[in-house]
Amino acid sequence: MAERAFLGVEASATGRRWVGPDSEEQRLAEAMAQVTHLPQALCVTLVRRGVSPDAVESYMAPALRDLLPDPLTLKDMDRATKRFMAAVKARQRIAVFADYDVDGGASAALLIVWLRAMGHRATLYIPDRIDEGYGPNVPAMEALARDHDLIVCVDCGTLSHEPIAAARGADVVVLDHHLGGEDLPAALAVVNPNRQDESGDLAHLCAASVVFLMLVEANRQLRGEGVTGPDLMAMLDLVALATVADVAPLIGVNRALVRQGLKVMARRDRIGLRALADVARMDQAPNTYALGFLLGPRVNAGGRIGAADLGARLLACEDASEAAALAERLDMLNSERRDIEAAVRAAALAQAEERGLDGPLVWAAGAGWHPGVVGIVAARLKEATGRPAVVIGVEDGIGKGSGRSIAGVDLGAAIHRVAAEGLLLRGGGHKMAAGLTVEEAQIPAAMARLAELLARQGAGLGGPADLRLEGLLMPSAATPAFIEQIEAAGPFGAGSPAPRFAFADQQVTGRRVGDSHLRISFGDGMGAKIDGIAFGAFDGPLGPMLENPGAARFHLAGRLEINSFGGRSKVQLRLEDAARV
């Protein structure tokens, strides 16, 4: 028999059923609280992540020395590192070919910074999103091969058979994480935890983590020769940024990489990230929200609508004046990107609604839609509908699209299969995000086939997903000290969401801020009050419901955080849902 809906909420403002801890989770959490003396709500969070009482201490303090895998467990890693080190020692010419997103930029920056510390310079090449598209292409690889001895492809290359074959005269090493095909390209080495012949134990790594592991092995080889390599711990801010921005699940070693990387970033030693944090007006210690929503989009902005290499150049920058100029330009491009995104989002949502939002796939395609924003718009459609979404921009008869998926549905594998069947010119990615190129005339057939494959994985069954809650809080219990205890179970993000709490029977005042956001204040009438923010609330039912609530009372649900805006720290609820009492 299904557990009763939490607070009796069967259909909230966003149409979701609220689900609290079940009886078994409550029992295990109570037992854990007795042993560890941690708050019950935190124990629910730990129990839901499968943490046993005797593992709490190690989970709350994830250590790289315990969790970092031996780099050589990845196939081709030994060959890749030896060739890389041979190029360094022989002072050979090295080119870094990177993807134009945060993961690609951070991966390139890791190599450039490491090589610079070794007194070696590398050529950076990032393809233009519109003119060249994703990944290596034949003209670029031919040109790089003429002037370089080694080309290292980061965050790309696993499916680039023809371009890599065209790099005659140079060795090619691929450091990637995108889903591999049955055959690998003719590179000297392809290091990728998502190769089909890998175990899958490290499938959650982003490309920057794969690059980091190669550098760990490089430093180990240097130590064997009595040489101290560059400080890798100081580079973990780049790995953390890439992990969060690429929506890699925060499980296993990723938790330790991000946890330590945030500490490194808080020191503000990296000139480029310091400049970017300043233009983003970050006035508190970095956290996963800042990486995913403040820094990441700005690094991405260059690859989306500006010069593709701006983000990587900023991350590897060693001149403060240049970093400030790059950060300002990326900030301006990010503002421009928001405007372009808003226009495409409105058109895509209207088209998708007309087609219907109750199938296994939500998709839209339009002429002139900027390919730099289709991925963000796909993410917005996915969030609004609870279904995998694909958005395609069409130019000169060719569509370039991007997709985002939901938990439990492998979009990358499905798109890879549609491409193999000939309905796409190319396509691939990973479970939660993928890209594709398709002839305009084939778009309906390709999307129909993709929807069929996604339906087999369970996409489109039922309505919006249940809202899982850790428990019920009184406003007076939501203190900074309580939030610090909850944060100790982090970092939170993809694969490890921040715990959500409910506040029952609250008096609410609300007002619109900006175009579509909602700011609220609420309390239970017993003195304690909390402020809250709901971004994009007026794009759905939440904003209109709470803007002028009058005397009505509401159950509220969301994630707690510390807001340090203006130098004053106070508790804030990031509101996600509400229900009338």
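Tell me about the packing of aromatic side chains, and please be specific about residues and values.
Evaluation of the coordinates by the stated rule reveals five aromatic pairs. Judged by centre distance (5.4 Å) and plane angle (45 degrees), the ring pair of Phe 84 and Trp 114 falls under tilted. Highlighted residues: Phe 84 in helix α5 (residues 77–89) and Trp 114 in helix α6 (residues 102–117), separated in sequence by 30 residues. Across the pair, Trp 114 and Phe 84 agree in class, each one buried. Centroid distance Phe 482 to Phe 501: 5.7 Å. Interplanar angle 65 degrees. Geometry classified as edge-to-face. Residue Phe 482 is located in helix α19 (residues 480–487), and its partner Phe 501 is located in strand β14 (residues 501–513); the two are separated by 19 residues in the primary sequence.

How would you explain the pairing of strand β10 (residues 426–429) if you had to name every residue and give the values?
Across four bridges, the pairing between β10 and strand β11 (residues 433–439) is antiparallel. Paired with Gly 427 across the strands is Leu 436, a residue of β11. Joining the antiparallel neighbours β10 and β11 is a turn of three residues.

Can you lay out helix α13 (residues 288–305) for me, pointing to particular residues and giving the numbers?
End to end, α13 covers 24 Å across 18 residues, agreeing with the expected 26 Å (1.5 Å per residue, within 8%). Along α13, the largest kink reaches about 45 degrees and is centred on Gly 296; proline Pro 297 follows within four residues of it. Within α13, 14 of the 18 residues are buried, which leaves it mostly tucked inside the rest of the structure.

Describe the nonpolar core, naming the residues involved and giving the relevant values.
Core analysis: the largest hydrophobic core is formed by 85 residues, its most contacted members being Phe 84 and Trp 114. The residues contacting Trp 114, other than those within four sequence positions of it, are Phe 84, Met 85, Val 88, Leu 215, Ala 218, Asn 219, Leu 222, Pro 230, Leu 232 and Met 235. Listed in part, the 41 residues of the second largest apolar core include Leu 473, Phe 492, Leu 573 and Leu 575.

Criteria and thresholds
- Residues numbered from 1 in each chain as written.
- Predicted model: local features only at pLDDT ≥ 70, side-chain atom pairs only at ≥ 80, totals over all residues.
- Heavy atoms only, no water.
- Phe/Tyr/Trp six-rings, centres within 6.5 Å; stacked < 30°, edge-to-face > 60°.
- Helix = DSSP H or I, 4+ residues; strand = E, 2+ residues; numbered from the N terminus.
- Buried < 20%, exposed > 50% of the residue type's maximum accessible area, 1.4 Å probe, protein only.
- Pairing = 2+ DSSP bridges.
- Expected span 1.5 Å × (residues − 1).
- Bend = angle between axes of the 7 residues up to and from the residue.
- Core = buried A, V, L, I, M, F, W, Y, C linked by side-chain atoms within 4.5 Å.
- Contact = heavy atoms within 4.5 Å.

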